[in-house]
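# Topology and contacts: notes
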Amino acid sequence: MNAPLSPSDTLRTALAHLLDGLPPKAAAQAVERLIVNYRGRTPTDAPVLRDRSDAVAYAAYRMPATFEAVCAALEAFARAVPDWEPGSHVDVGGGTGAATWAVNATWPGGRPVTVLDWAEPALALGREIAAAHPDLKPTEWQRSRIGSALTIESTDLVTISYVLGELTDADRTAVVDAAATAARAVVVIEPGTPDGYARVIDARDRLVAAGFHIAAPCPHSAACPIVPGEDWCHFAARVSRSSLHRQVKGGSLAYEDEKFSYVAATRFAPAPAASRVVRKPQIRKGQVLLDLCGTGTPTTTDAATTAPAITSDADADRGSGPGTGPVPTLGRTTVTKRHGPLYKAARDADWGDAWPPPTGEDDRA
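Remember, predicted model here, so these are calculated numbers, not experimental data.

## Notes on the overall build of the chain
- Scanning the chain from terminus to terminus reveals 10 helices and 13 strands.
- Sorting the 365 residues of the chain into buried and exposed places 51% on the buried side.
- A separation threshold of at least 6 residues defines the contact pool for the chain, and within that pool the share at least 24 residues apart is 73%.
- For the chain, the exposed area adds up to about 16,800 Å²; of that, 51% sits on carbon and sulfur atoms.

Pasting the structure below:
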């Protein structure tokens, strides 16, 4: 008997069927035009997806990448809340519903799900695609202006993925505040660019001010130790390229890496990672260099088993201050063969992973 398809494979199959009958050249042209609109710096106050052809082309092009990025963020979030799963979910600005598929892939099973978006063609297509998945078929697809007038019914989880960049500053604030009022947990995902990271940090600050705890990716709820304008926090998810991807981008590889920034926050206390790998690990002969974000004190420690130490007074000044909680740290540590099982774990570590690895993951043969 054949094994059931994974949510990822089910989604890809449904998207492939949508492209049947849509001329490849027309689909590619629609995607190119939509990419220009989405990359524009002026927030839109009208739906970018104008009709079904737009929705089909962009869903086929973008849904797999959005799905994988949201899955990666939710996987890290789920590790920080191992005894919790959402009993209900609202996806704000969800369009064709990639985040709803990602939530179901992370926490399988049925639950009340509502997708809010202002583009009727996207909602109609999302409903059509969701019919391929028994758990998502009952999803409610509601047309809603995503902005200052947004209201969200009480729910366990709110996701806001690849939405804030389309809004004005005032609307971004209103959307995050509405999510904070309605949900027990909020996850925000944006493109892994300096601007996307800045929007995530703004959302993070508002969630913390509203009483939320940061569950991922940060190991703390204190101020981000990254100096504004000098760097940004982002991660990558591997995405298999479809024929449409290759046609639009002219690439020959069968995959690409979707860069994204995110924050996951909860009303209840999570168990965040002690520290997190924030750059691709550098593997050298007999050693692995890990760039870690964590918490600590301004003293030197063996960072192979703890969070990195603060490297300057300026780093300490950006922390939460004496007596007010953990001090954020950002630095590099070297793991060598003398660290035993941790060395193997470091060689297997990936960008975005928790460090040290969860109990039991560092002593596998």
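## What about the pattern of salt bridges?
- Overall, the coordinates contain 10 salt bridges when judged by the stated rule.
- Measuring nitrogen to oxygen at the nearest pair gives 2.5 Å for the salt bridge that ties Asp257 to Arg238. Here Asp257, found in strand E8 (residues 255–266), pairs with Arg238, found in strand E7 (residues 235–240); they are 19 residues apart in sequence, far enough to count as distant.
- With relative accessibility at 48%, the residue Arg238 sits in the partly exposed group.

## What about the nonpolar core?
- In this structure, Phe77, Ile129 and Phe260 are the most contacted members of the largest nonpolar core, which totals 51 residues.
- By residue number, the principal contributor to this core is helix H3 (residues 52–80), which donates 14 residues.
- Contact partners of Phe260, with chain neighbours within four places excluded, come to Ala69, Ala72, Ala73, Tyr162, Ile189, Glu190, Pro191, Gly192, His234, Phe235, Ala236 and Ala237.

## A short note on the packing of helix H1 (residues 7–18) against H3
- Where H1 contacts H3, the two axes come as close as 10 Å, and the packing angle between them is 160 degrees. Viewed along their axes, H1 and H3 adopt a mutual orientation that is roughly antiparallel. The interaxial crossing formed by H1 with H3 has left-handed handedness. Of the residues in H3, those in contact with Pro7, Ser8, Leu11, Arg12, Leu15 and Leu18 of H1 are Arg52, Val56, Ala59, Ala60, Met63, Pro64, Phe67 and Glu68.

## Considering the packing of aromatic side chains
- Here the structure, examined in full by the defined rule, presents 8 aromatic pairs.
- Note on Tyr58 and Tyr61: the rings are 6.4 Å apart at their centroids and 45 degrees apart in plane angle, and the pair reads as tilted. Residue Tyr58 and its partner Tyr61 are located together in helix H3, separated by 3 residues, close to a single helical turn.
- Residue Tyr58 is classed as buried on the basis of its relative accessible area, which comes to 13%.

## Observations regarding the environment of Ala124
- Looking at where Ala124 falls in the secondary structure, it is placed in helix H5 (residues 120–130).
- The sequence separation of Ala124 and Gln142 amounts to 18 residues, and the corresponding C-alpha distance is 9.7 Å.

## Overview of helix H10 (residues 341–348)
- Listed as buried for H10 are Leu342, Tyr343, Ala345 and Ala346. The buried residues of H10 occupy one face: seen down the axis, they fall within an arc of 160 degrees.
- Those residues of H10 that are buried lie in contact with strand E10 (282–284), strand E11 (287–296), strand E12 (327–336) and strand E13 (354–355).

## Here we look at the confidence of the model for the chain
- Averaged over every residue, the pLDDT of the chain is 84; residues scoring 70 or more account for 79%.
- Across residues 298–323, confidence stays below pLDDT 50; counting only partners more than four residues off in sequence or on other chains, it has 51 contacts.

## Section: helix H7 (residues 194–209)
- In a regular helix each residue adds 1.5 Å, so 16 residues correspond to 22 Å; H7 covers 23 Å between its end C-alpha atoms and thus fits that length.
- The complete set of buried residues in H7 reads Gly196, Tyr197, Arg199, Val200, Ile201, Ala203, Arg204 and Leu207.
- Downstream of H7 by a residue or two, Gly211 has a phi angle that is positive, lying close to 100 degrees.

## Concerning unusual backbone geometry
- Geometrically, the link from Ala216 to Pro217 is a cis peptide bond, its omega value of -5 degrees lying close to zero.
- You can see Pro217 is positioned in the loop between strand E6 (213–216) and E7.
- Here Trp355 and Pro356 are connected by a cis peptide whose omega angle stands at -5 degrees.
- Looking at the element boundaries, Pro356 is found in the segment after E13.
- Residue Tyr162 is not a glycine yet carries a positive backbone phi of 55 degrees.
- One can find Tyr162 in the loop between strand E4 (155–161) and helix H6 (169–182).
- According to the relative accessible area criterion, Tyr162 is buried, its value standing at 15%.

## Overview of the pairing of E12
- Across the 10 residues that make up E12, a large majority, 7, are buried.
- In this structure, E11 lies alongside E12, joined through 10 bridges in antiparallel fashion. What sits directly across from Val288, in E12, is Val335.

## A few points about the environment of Ser6
- Among the structural elements, Ser6 can be located in the segment before H1.
- Put simply, Ser6 and Ala105 are 99 residues apart on the chain and 8.0 Å apart in space, counted from C-alpha to C-alpha.

## Brief notes about the side chain of Thr336
- Note that Thr336 resides in strand E12.
- Owing to a relative accessible area of 19%, Thr336 belongs among the buried residues under this scheme.
- Not counting the four nearest positions on each side in its chain, Thr336 is found in contact with Gly286, Gln287 and Tyr343.

## Brief notes about the packing of H3 against helix H4 (residues 98–106)
- Contact geometry of H3 with H4 gives a least axis separation of 8 Å together with a crossing angle of 40 degrees. The angle between the axes of H3 and H4 places the two elements in the oblique class. Relative to H4, H3 is oriented so that their crossing is right-handed. For the pair H3 and H4, contact is made by Met63, Thr66, Phe67, Val70, Cys71, Leu74 and Ala78 and by Ala98, Ala99, Trp101, Ala102, Val103, Ala105 and Thr106, respectively.
- Per-class residue counts for the contact of H3 with H4 are 12 nonpolar, 2 polar and no charged.

Quick notes on the rules
- Residues numbered from 1 in each chain as written.
- Predicted model: local features only at pLDDT ≥ 70, side-chain atom pairs only at ≥ 80, totals over all residues.
- Heavy atoms only, no water.
- Helix = DSSP H or I, 4+ residues; strand = E, 2+ residues; numbered from the N terminus.
- Buried < 20%, exposed > 50% of the residue type's maximum accessible area, 1.4 Å probe, protein only.
- Contact = heavy atoms within 4.5 Å.
- Areas by Shrake-Rupley, 256 points an atom, 1.4 Å probe, with all protein chains shown as cover.
- Salt bridge = Lys/Arg side-chain N within 4 Å of Asp/Glu carboxyl O.
- Core = buried A, V, L, I, M, F, W, Y, C linked by side-chain atoms within 4.5 Å.
- Axes fitted to C-alpha atoms, helices over the stretch in contact; angles between N-to-C directions.
- Parallel < 35°, antiparallel > 145°, perpendicular 65-115°, else oblique.
- Left-handed = near helix turned anticlockwise from the far one by under 90°.
- Phe/Tyr/Trp six-rings, centres within 6.5 Å; stacked < 30°, edge-to-face > 60°.
- Arc of directions from axis to C-beta.
- pLDDT = per-residue confidence, 0-100.
- Expected span 1.5 Å × (residues − 1).
- Pairing = 2+ DSSP bridges.
- Nonpolar A, V, L, I, M, F, W, Y, C, P; charged D, E, K, R; others polar.

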